[in-house]
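Residue-level listing of the chains:
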Amino acid sequence: ITGFKDTIEWYNANAEKYADALENVPALELLDTFIASLPQGAPVLDAGCAAGRDTSILKERGLSPVGIDLSVGGYQDPSGRQDVSWVGARAIKT
């Protein structure tokens, strides 16, 4: 991997494996602290959401998340996360 384009291509090609590897990693304590600091229904941007594990946790905890990632492969993975909004975006030239 030599740059952003290679990184994006790697995530696109390995989205399912990456999602599977992260699926059962416990939520971070910082994520719980962050969630507790917001009112129910608050909008949240999960920048760099990858496969959307944390985006789904934010939704399950009563927030209104939107996941955004450079790699479209991550949020198009077959993990069944249809309950949150996803955006594929490039803030850099690749």
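Structure first, text after, so check above.
Quick caveat: nothing in here was measured; it's all calculated off a predicted structure.

Draft legend 1. Seen up close, the overall build of the protein chain. Secondary structure assignment for the protein chain yields four helices and three strands. Across the protein chain, helices and strands are ordered from the amino to the carboxyl terminus as α-α-β-α-β-α-β. For the protein chain, the proportion of its 94 residues judged to be buried stands at 31%. Sequence-distant contacts, at least 24 apart, represent 41% of the contacts inside the protein chain between residues at least 6 apart.

Draft legend 2. Focus on the environment of Asp 54. The residue Asp 54 is located in helix 3 (residues 53-60) in this model. Separated by 23 residues in sequence, Asp 54 and Leu 31 place their C-alpha atoms 8.1 Å apart. Sequence-distant contacts of Asp 54, that is, excluding residues within four places in its chain, are made with Leu 31 and Asp 46.

Draft legend 3. The arrangement of the nonpolar core in detail. The biggest cluster of nonpolar side chains holds seven residues, and these are Leu 31, Ile 35, Ala 42, Val 44, Ile 57, Leu 58 and Leu 63. Those elements that provide at least two residues to this core are helix 2 (29-36) and helix 3. Setting aside anything within four residues of it in sequence, one finds Val 44 in contact with Phe 34, Leu 38, Leu 58, Leu 63, Ser 64, Pro 65 and Val 66.

Draft legend 4. Spotlight on the pattern of salt bridges. A full pass over the atoms with the stated rule returns two salt bridges. For the salt bridge of Arg 61 with Asp 32, the shortest nitrogen-to-oxygen distance reads 2.7 Å. Here the residue Arg 61 occupies a position in the loop between helix 3 and strand 2 (64-69), and Asp 32 occupies one in helix 2, the gap between them amounting to 29 residues. In this structure, the salt-bridge partner of Arg 53 is Asp 54, at a minimum N-O distance of 2.8 Å. The partly exposed category is assigned to Asp 54, whose relative accessible area is 22%.

Parameters and conventions
- Residues numbered from 1 in each chain as written.
- Predicted model: local features only at pLDDT ≥ 70, side-chain atom pairs only at ≥ 80, totals over all residues.
- Heavy atoms only, no water.
- Helix = DSSP H or I, 4+ residues; strand = E, 2+ residues; numbered from the N terminus.
- Buried < 20%, exposed > 50% of the residue type's maximum accessible area, 1.4 Å probe, protein only.
- Contact = heavy atoms within 4.5 Å.
- Core = buried A, V, L, I, M, F, W, Y, C linked by side-chain atoms within 4.5 Å.
- Salt bridge = Lys/Arg side-chain N within 4 Å of Asp/Glu carboxyl O.

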